Each structure stands twice: as C-alpha cells, then as structure tokens.
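Coordinates in review
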Amino acid sequence: MEINERDREFISTDILGYLKQHEEKDLLRFITCGSVDDGKSTLIGRLLFDSKLIYEDQLAAVQAASTRHGTVGDQTDLALVTDGLRAEREQGITIDVAYRFFSTNSRKFIIADTPGHEQYTRNMATGASTADLAVILIDARHGILPQTKRHSFIASLLGIKHVLVAINKMDLVDWGEERYEEIRKEYTDFATRLEVTDVHFIPLSALLGDNVVHRSENMPWYEGPSVLHFLESVHIASDRNFIDFRFPVQHVVRPHLNFRGYQGTIAGGVVKIGDEVMVLPSGKRSNIERIVTFDGDLTHAFPPQAVTLTLTDEIDISRGDIIVKPNNTPRVEKAFEAMVVWMHDTPLREGRDYLLKSGTQLVTAEASLLRYRFDVNTLHKTEPIDVDGRPGLQLNEVGRLMFETTRPMAFDPYARNKTTGGFIVIDKLSNVTVGAGMILDRKADASQRSREEQARRLALLQASTGKVTAEMRAERFGHQPATVWLTGLPRAGKSTVAHALEQRLWDKGVATHVLDGVNLRLALSKDLGFTADERSEAGRRASEVARLFNGAGMVTIAAFASPYAADRDAARQTIGDDRFVEVFLDASVEVCEARDAELFPEGDGLYAKARRGEVKSFTGVSAPYERPESPALTINTEATSVDAAVETIVALLVERGVVGG
Amino acid sequence: MQRYSLSHLKQLEAEAIHILREVVAEFENPVMLYSIGKDSSVMVHLARKAFHPGPLPFKLLHIDTTYKFHEMISFRDRFCEENGFELLVHTNQDAVREGISPFVHGSNVYTNAMKTVGLKQALRAGKYDAAFGGARRDEEKSRAKERVYSFRDGHMQWDPKNQRPELWDVYNGRINRDRKESIRVFPISNWTELDVWLYIHLEKIEIVPLYLAGMRPCVERHGTLIYVNDDRFPLEEGEEPEMRMVRFRTLGCYPLTGAVESSASTLPEIIQEMLLTTTSERQGRVIDFDQDGSMEQKKRDGYF
C-alpha cells in the first residue's frame, strides 16, 4: 500500500481501477534475519515508513515510546515500530516471530521478523518455514559473522531458495564499493556449501534510507535495484511443485447420502476431472469425479488451492489418508531419516516416543537413532550431548535422526515437497510442539540402527571373565582351540571334507564340531536372505559361533562358501589370527556344476536352478566368488581324494601345534 | 506457469479454509465467535466456503453487551435467520443485575465485565474446546506475534511465553481436555484491513450498513463523535444530538465507538477513504487508549 502521489491520484480518480489492480496482486512471504545491531528492525521500520504504511497515530505512539525506550536519542526509533510485547520491550529485544504486512501495487508482503540473538534457532526455523525468501542482514563494518552463516544455514535447511544479502550501514564504511565487493565475494564462496539457488546482494543504509525504497545517491557504483524493488520483482512462482500430485485428506464432508467429499489443500501437482488416483496407505484406486468449491466446480486444481474432491467409486477414505496418482507416489514406510530442529527446554532423547504430525497424518514414532548433531555455528557434524545415557538434542540444536513409526507413513523428501516432507514433533505428555523435522532423501536403514546402537551399548559393557582359562581348557582337552575355515564354491566339497575331518579328529581324541553353512541358515540365520548385506550378517554370526566354540576349547570346522574376501577377513578378525586356519577347496565352476548335476539328475540341482534364474545371486553363477589370496592351505578337490585332503589338513594342524602328531 | 498462480486474496482465502477445516477435523466442539463486524462477516463467508456443500459444522456465538448498535442486532438476527445459521447469544447477566454500564463504571470495568467475563461464561457453559475469532495480526502491535492457534489454559488465559511454535501450515491441536484446555483460532491472522475490504468487495459480502455513511444523531465528547443510538445515552447539560453525515470504521458498543465524518456510501468509496486516510483502524475504539500495551493485558486476562 505504498501511497505515493501517483497512487493518490489513481485512488482518488479511479478507485474501481485501483481495486481491480489490487485484486490481481500476488503474495511474497519473506523472513528477515540479523541481530538488533545489524539494523534489522530499522530496515523493516524504514520499509513500512517510507512506503507510508505507518499511520499517523501509530507513529505518534512510536514517537512517545521512543523517548521512553528508544536507543537513538531524539530521533524516532523506527525499530520500535516492529516491537511488540511489553516484556520484550522492557528487555530491549524481541524474542519471538512477529508478522508484518505491507503491500505495493503488484505484491502483498508478509514479513516474518525473527530476532538474531543466540537463542534464536527455533524462532528462525518457525519464521523460515513459510517464507519464500530470506533477507539476511550484514553490518558492512563487521562483514560475515558466525551468525550470518547460521542464518543462511537455517534458511537453507528450511528449503528457502532465494536469499537477499542486505549489506547494511554502508554509510559507516564511506559507501565503499570495495568493502561491498569483499563481503559479496566471501559470502558467495560460503554459499556454495548451501542449497540456496538464488543469492542477491544490495548495499544499503536502513537508517538513512539508501537503497531501501529508493535508489541511493551515495552509491552511484551500485546499479541494481533497491530492496523494495527487488522484493517486488523476484520471481517465485516456479518454486511450487506442480508435478507430484499430493492431496492430504483433512476432512470428509457428507451432507447427505448422495455426496461424499474429501476436503483438503492441494500440496503438490495438478489434478483434473477424470484423473486416475490412488489412495494411500490403502492403495485403492478410483477416478476424480468432481472438484467442488463454493464458487462452482473446477476442471482442474493446483497448489495451494483448498478444494473438495469426489471420486467415482465408494472407497473408504478418512483423515490422514493421501490421494495421489498411481504412477507418482510418495514413499509409504515405517522409518525415515530427517534433520530436526529442537524447540523445547526439555531435550530430545534418543529412544523416546513422540507424536509426529505431517500434513494431516498423526503418528507415534520413536526417535530411534540420533546420528549426529549439526553445529549451526561451525557447520560441522559433532557429537550429541548425553541425556540420561542416550544421545540427545537441546533447545535450538539441529540433528540428524532416524524415526521409526508405529504404522506406515506416506512422505516425500522435504526438498521435493514441504508439506509431505515436513513434520512437527509433539511431546506425548505435555502436547507441546517440541521440534520440527525435514525428511531427507535417504532410505532409513534399520539394520544400521541396530548395529550402531549395539556398538554404543557394547562400549558400555565390560566383557565378563571367569576363572577357567584357555590354558586350563587346552590342558584338559589335550589340544589347542582353532577354527578350520573351509571356503570354496558350492559343491567344491566343503561339507564332505568337513565331516571326514571331524571323524578323523574325533578319532584322535579331539573335541570338535562342524559348523555347516546350510545348517546355520536353517536355524540361527533363518531370518536372513541372500543380499550382500545379509550374506555378510550370516558370515558374522557364523564366525561368532565359531569363536564361542573355540572359547570352549574346541576345534571348530566351519564349512561356508564365504565368497567375499572382506567377510573372511572379518571372520579372521573375530576368531583371532592365531586360531583361524583358512583352507581353500579349489574346484572349477564346471566341475562343481557337473557334480551338482550328478547328484540331481532331474535338473533340480542348485546350479541348474541358478542357470534358469530360479535362484538369484548364486555364487559362481550369478554372484562372484573371490578366491583367497593367501590361504593357509589350497586343496584342489578335482585332483585330491577326500582322505588325502583330510590328511593334509591334519598335518597342518599338527605343524601349527593345535593337535598332537 | 501463469495459469497455476493464485492472487494474494485467493491464497489468503485458501489458508483460512485450511485452518477452518483443520480445527473442525481435530476438535470435538468448536464454536465461532460472531461480533457482527466486517471481519465476522468475512469469517462466516469463509466458513461457508470451507464446508460447502455441507452446512456450518458449528454454531455462531455472539457476546451481547447490551450496548451494541441496534442496527447490528437487527442485521445479526436477519443474517442468521436467512442463512440458517445456529446463533447463540450470551450476555453476562450478573453484570446486568449489578447495573454495570459504560457511562457509570467507565470503559475498563464495563468491557471487562461484559466482554471478557461474558465471553468466558459462554465458552465455559458451552464446553467449547476451540473458538474461532476474526482477529488479525495487523490490528495491533501485540497481535503481530499471536499464533493462529492461540493456546489457552484451563482458566482461558494466554501466556505470551508459552505459545507453541507454528511451522508451515501444520497446527498442533493437541489439548488436555481433562484440564479444560482450549484454543482460540484466528484463520484471518495474515489479512490486513485492506485485504478484508477488498475481499468483501470482490465476494459481495453483506456488512452492517453502519460502515457506510449516513445521517445519524451524534454528540461530540473529548474529540470523539458518538452516535446516540438509544435513550440510555446520558446527555450532559445543554448537549443536543445533531444529525451528522458519519460512518464507522469499526463496530462495537455504541458509547465506546467513535464515528468518523464521511460521505463514503459505497464500498469502493469506503476503501478509497481508508486508503487516503492517515489514522489506523483501531483508533476508533476507545478501549485501546488506556495505556501502552493495554490490549496485551486484556488478552492475558482472556479477552479475545
């Protein structure tokens, strides 16, 4: 509502034309960040004042207050225009987000004004969540301070794409272009580390009004727009997501039996009558019948319109469901990764349950793994604080977390959609909003969770030790413990050699036992599949069991394909180099396959199934086998009998002093 | 992308509809405060849009101080009757019995008894867990920081230090009903006075004719023009109401609401006058003049 003389004329002579113009205005929401010292309040006061948005009576009130609280002597303290609550006024600082409004002939502006002092992350995140643009104030004398980086990081974290760096107090550096260029370069270098795509710089003096509303006469070297002109012209229309249709159902309206409408605000994409849609989490499909509004039906609708949809089929839909298109769906899962800003005095504690509200979904979720804390001052990952023995986040801290929900939640990465990717964290007891989260484009890995958590717990545990020592066991059994690790392709002869060796050692009076890969797979590891990760886990369990048997003083004979060198190395680590005897049973794939075919002449052997693709990831056929580089023994089973193989292994064990000759 | 853009008013409308639906979906017993003023007219209009083709899923509640302009009362009754809205009217009968009047007890005591206490009585009696109000952040300094969901404790009090952060359009509607907690909700928080007028103009929303200029009997007190609306107005020695061409920028209790001299008799003329004038909207309300920060004090006490 900048009422300059030209507008006055316009309003006086053609009010209908003026109103018509204002009906067409668009909306820009921005946040201002900086400390009181940067002149932020003064800039806002100046924007409102110079665009004649402070009414005379308000100005009189501010002038009166200036003499009581003001910090600029006899001048009217424009900073007081944006000031609000009495308690804050008495402290001389603002402590919350205040919203200010002004408009020009082309745009309405909503300013989220947030304070710049230390305890501010929560407030800035709040203000930034709805902002299209951030104005970051820098005092030209001081240049880029830690808080400048903090502000920029939070703006980036909350997904703000446009940043205006307002280099203020240029009057105090003699309107110097060099100083401006210096700051501009330093900021540009820093901003490459953020996800802000659009950065602009304006040199100004909020106190004197240079480059705020009107172009400065003191800085002829600056040829860009004033702050107001920039805010009026910056292009933000394409920031919204018009691709991925997302309609979180808010409310179901059923005024009579023949009408069942789903009410909500379109959070992404465009929807048209007739479009095929899918309802999540049920997965049921239907088509859009009508797009109903009070002002008549629409043919299509887009964000952020609030509409009522009806479908061609009667399906059960309730609040919290999301209507999407079948070929473009969000993830529907029970775990996700997110960056979280903590907003409450009571710290977040890993392992605690919270309520999450994302769009219209409300779910219980465990903050199951706090991966790290992000220091907003240094922009480094750091160790989180300890909260009663578990990691946690304090007020105004930012951290990366995995949440595990009690039922599946539909979500997108925050960078893709703020509505389906953002959530608030609510304390279940006090009902207070304690945090806000932005979902990352990373798949949550629950197994990683358990391992990291275990590692952390294990670090706290002291292994218990008894009085029976390894030496005492060796003396009683008459031999040392060891693990003979037989590796090789399927049908290389591992099980055959293992059981023959077991018999031979048993006859020698050795306490021994065979650990067979297949047997373990049928029992201890029956929960695991055959992906690389799951094979590794199966190997880890097998080596732990071998180690336990060794601990009991026995000679373990482990028969595992163990095709990956890394897994065999891990086993060696677990069992101990001195007890680990790696024996490679070497046979070519062709020979092994022929042996398999001989055993299963009907063609239902493992190799045959793998060749037909019925068994996936089969070692030697569709998954690699990494030959050991320096095993303790290599036995070619194509040219060696079972007995000869067993004797070779026994000879090695005697040589190593495991068993007697 | 031009065809996928919304004007600022359409965006504000969508935001308000979203808030109205969210509250109705999450609360058990909401009510809409209806003050008969232009902001209330806009609120009711938005509510109709939000729940179309269904009826309003809540009642309208008017706190009648007994000193409202009679034009407001007749507008209210006809408006609700014609549109089939369920209207509740509450008056603090204790205060009526005690004879509390703006003329005898002053604006502070009277406003507290009739508005603040009256409102609390009505909300408590109705056991409402959410109450919609038409307050806007641009109206007054302390309101600039008010949340859309304003959390109230069991005594309906507002604690400026204990309000919940609000991010995106995700509102935390969790309350403890055993502790009689509730919220006040302000769906048009982000509208300015100009937005409200533009919207009324655009949507052809009905408003009380007092907003338009007309010849009305007035007396001038301490520089404020008061419309002598009935014979309860105690005229001072030698005081004689005279017919003046006036209108109201805000409506409330007639003894506490200043008129402005104006010839603006159509909506565009009102907006024109508003744009060219240099005093802000609330100045017509006597209530704000008491002391710096007085609205904040009233809010802490439970005033809307």
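Residues numbered from 1 in each chain as written. Chains lettered and ligands numbered in written order. Predicted model: local features only at pLDDT ≥ 70, side-chain atom pairs only at ≥ 80, totals over all residues. Heavy atoms only, no water.

The next point concerns the overall build of chain B. In terms of regular secondary structure, chain B is built from 8 helices and 10 strands. Excluding contacts between residues fewer than 6 apart, the proportion of contacts in chain B whose partners are at least 24 apart in sequence is 74%. With an accessible surface of roughly 11,600 Å², chain B has 48% of that area assigned to carbon and sulfur atoms. (Helix = DSSP H or I, 4+ residues; strand = E, 2+ residues; numbered from the N terminus. Contact = heavy atoms within 4.5 Å. Areas by Shrake-Rupley, 256 points an atom, 1.4 Å probe, with all protein chains shown as cover.)

On to the pairing of strand 22 (residues 390–393) of chain A. Residue and element names in this part refer to chain A. Where burial is concerned, the two faces of strand 22 agree: the one with Arg390 and Gly392 and the one with Pro391 and Leu393 are both buried. Sheet topology places strand 17 (residues 348–349) next to strand 22; 2 bridges connect them, and they run antiparallel. Each residue of the ladder has a partner; that of Leu348, found in strand 22, is Leu393. As paired elements, strand 21 (residues 385–387) and strand 22 share 3 bridges and run antiparallel to each other. (Buried < 20%, exposed > 50% of the residue type's maximum accessible area, 1.4 Å probe, protein only. Pairing = 2+ DSSP bridges.)

This brings us to helix 2 (residues 15–23) of chain A. Within the span of helix 2 of chain A, buried status applies to Ile15, Tyr18, Leu19, His22 and Glu23 of chain A. One side of helix 2 of chain A carries all its buried residues, which in axial view fall inside an arc of 140°. (Arc of directions from axis to C-beta.)

Let us look at the packing of helix 2 (residues 38–51) of chain B against helix 6 (residues 193–203) of chain B. Residue and element names in this part refer to chain B. Packing of helix 2 against helix 6 leaves a shortest axis separation of 10 Å and a crossing angle of 60°. Considering the angle they form, helix 2 stands oblique to helix 6. Handedness of the crossing formed by helix 2 with helix 6: left-handed. Residues Lys38, Asp39, Val42, His45, Leu46 and Lys49 of helix 2 pack against Glu193, Val196, Trp197, Tyr199, Ile200 and Glu203 of helix 6. Tallied by class, residues from the contact of helix 2 with helix 6 come to 6 nonpolar, 1 polar and 5 charged. (Axes fitted to C-alpha atoms, helices over the stretch in contact; angles between N-to-C directions. Parallel < 35°, antiparallel > 145°, perpendicular 65-115°, else oblique. Left-handed = near helix turned anticlockwise from the far one by under 90°. Nonpolar A, V, L, I, M, F, W, Y, C, P; charged D, E, K, R; others polar.)

A word on the pairing of strand 26 (residues 482–487) of chain A. Strand residues, when the strand is regular, have side chains that alternate between the two faces of the sheet. All names here are of chain A. With 6 of 6 residues buried, strand 26 lies mostly within the body of the structure. Examined bridge by bridge, strand 26 and strand 28 (residues 555–559) share 5 bridges and lie parallel to one another. Each bridged residue has a counterpart across the sheet, and for Thr483 the counterpart in strand 28 is Thr556. The pairing of strand 26 with strand 29 (residues 580–586) spans 5 bridges and is classified as parallel. The partner of Trp485 across the bridge, within strand 29, is Glu582.

What follows deals with unusual backbone geometry. Residue and element names in this part refer to chain A. For the bond running from Leu280 to Pro281, omega is 10°, close enough to zero to count as cis. The residue Trp175 is not glycine, and still its phi comes out positive at about 55°. Relative to the assigned elements, Trp175 resides in the loop between strand 5 (162–168) and helix 8 (177–191). Residue Trp175 is classed as buried on the basis of its relative accessible area, which comes to 17%.

Any two packed helices are characterised by how steeply their axes cross, that is the angle between the axes, and by the distance between the axes. Residues and elements named next belong to chain B. It is at 11 Å that the axes of helix 1 (residues 8–26) and helix 6 come closest, and there the two elements cross at 95°. When the interaxial angle is binned, helix 1 and helix 6 end up roughly perpendicular. Only Asp195, Leu198, Tyr199, Leu202 and Glu203 of helix 6 make contact with helix 1, whose side of the interface consists of His8, Leu9, Lys10, Leu12 and Glu13. Its residues assigned to classes, the contact of helix 1 with helix 6 comprises 5 nonpolar, 1 polar and 4 charged.

We now examine the confidence of the model for chain B. All names here are of chain B. With 89% of its residues at a pLDDT of 70 or more, chain B has an overall mean of 88. Mean pLDDT across the secondary structure elements of chain B bottoms out at helix 8 (residues 294–301), with 55, and peaks at strand 1 (residues 30–33), with 98. Every residue in residues 286–293 scores below 50 in pLDDT, and together they form 18 contacts with partners more than four places removed in sequence or on other chains. (pLDDT = per-residue confidence, 0-100.)

Below, the discussion takes up the sheet that holds strand 17 of chain A. An order of 17-22-21 (chain A) is seen for the 3 strands of this open sheet, with the pairing classed as antiparallel. Every other strand in the sheet has two partners, leaving strand 17 and strand 21 of chain A as the edge strands with one partner each.

Before going further, it helps to examine the packing of aromatic side chains. All names here are of chain A. By the definition in use, this model includes 39 aromatic pairs over all chains. Each ring, one from Trp485 and one from Phe560, has its centre 5.1 Å from the other, and the planes form 45°; the classification is tilted. One end of the pair, Trp485, is in strand 26; the other, Phe560, is in the loop between strand 28 and helix 16 (565–575), with 75 residues separating them in the sequence. Phe560 carries the same exposure label as Trp485, and that label is buried. (Phe/Tyr/Trp six-rings, centres within 6.5 Å; stacked < 30°, edge-to-face > 60°.)

Using the criterion set out here, one finds 61 salt bridges over all chains in the structure. Among the ionic pairs, Glu181 of chain A bridges to Arg184 of chain A, the shortest N-O distance being 3.8 Å. Note that Glu181 of chain A and Arg184 of chain A are positioned in helix 8 at a spacing of 3 residues, about one turn of the helix. When its relative accessible area of 34% is taken as the criterion, Arg184 of chain A is described as partly exposed. Several salt bridges converge on common partners, so that one network encompasses Asp295 of chain A together with Lys10, Glu13, Lys49 and Glu203 of chain B. (Salt bridge = Lys/Arg side-chain N within 4 Å of Asp/Glu carboxyl O.)

Turning our attention to the sheet that holds strand 10 (residues 260–261) of chain B. Adjacent strands of a sheet form backbone hydrogen bonds with each other and so pair up, either parallel or antiparallel. Residue and element names in this part refer to chain B. Taken in spatial order, the 4 strands make up an open sheet running 8-7-9-10, and their pairing is antiparallel. The open sheet is flanked by strand 8 (224–227) and strand 10, the only strands paired with a single partner. Pairing geometry for strand 7 (residues 214–221) and strand 8, over 4 bridges, is antiparallel. Within strand 8, the position partnered with Arg221 by the bridge is Thr224.

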